[in-house]
Amino acid sequence: QVQFVESGGGLVQPEGSLKLSCAASGSIFSINLMAWYRQAPGKQRELVATIASGGSTDYVNSVKGRFAISRDNAKNTVYLQMNNLKPEDTAVYYCNAGGFIPLYSWGQGTQVTVSS
């Protein structure tokens, strides 16, 4: 069982930037797909971005060109660089292994609030 601790969230103005980090309790070297998800108030959790072990990435359409996912297997950490943030990006952000089917239990997440 791998556990995740997300950090880096906060309050930011529209068009601002944040970089989220996700520290895993175990090695992610052998995990093919790592992902970031988010859950806005009153909405279902959605898959935002994925990164494969080979480095290929994929994003939900609403964040393409603004968000960038990366991973550092040596540090067992996954990152999400978020630029040009919009109010609709406000949500609790989580990371996990897998894609549409997360493999492990959820961490506490990190709150991102985009507001002027």
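Draft legend 1. Spotlight on the pattern of salt bridges. The tally for this structure, following the rule as stated, stands at three salt bridges. The salt bridge involving Arg38 is made with Asp89; its shortest N-O contact spans 3.0 Å. Linking Arg38 in strand β4 (residues 33–39) with Asp89 in the loop between β8 (77–82) and β9 (91–97), this pair joins segments that are 51 residues apart in sequence. Here the two residues Arg38 and Asp89 agree in accessibility, since each one is buried. Put simply, Arg66 and Asp89 hold a salt bridge, and the shortest N to O gap is 2.7 Å. Taken together, the residues Arg66 in the loop between β6 (57–59) and β7 (67–72) and Asp89 in the loop between β8 and β9 connect sequence positions 23 residues apart.

Draft legend 2. Main features of the side chain of Thr77. Tracing the chain through its elements places Thr77 in strand β8. Residue Thr77 is classed as buried on the basis of its relative accessible area of 10%. Ignoring anything within four residues of it in the chain, the contact list for Thr77 reads Ser21, Cys22, Ala23, Ile28, Arg71 and Asp72.

Calculation rules
Residue numbers here run from 1 along each chain, matching the order of that chain's written sequence. Given that this is a predicted model, residues contribute local features only at a pLDDT of at least 70 and side-chain atom pairs are listed and counted only at 80 or more, while totals for whole chains, interfaces and linings are drawn from all residues. Side-chain numbers come from the whole structure's heavy atoms, not from hydrogens or water. Any carboxyl oxygen of Asp or Glu that lies within 4 Å of a side-chain nitrogen of Lys or Arg is treated as forming a salt bridge with it. A helix here means a DSSP run of H or I that spans at least four residues, while a strand means a run of E at least two residues long, and both kinds are numbered starting from the N terminus. Buried residues are those whose accessible area, probed at 1.4 Å on protein chains only, stays under 20% of the maximum for their type, while exposed residues exceed 50% and partly exposed ones sit between those limits. Contacts: residue pairs with any heavy atoms within 4.5 Å of one another.

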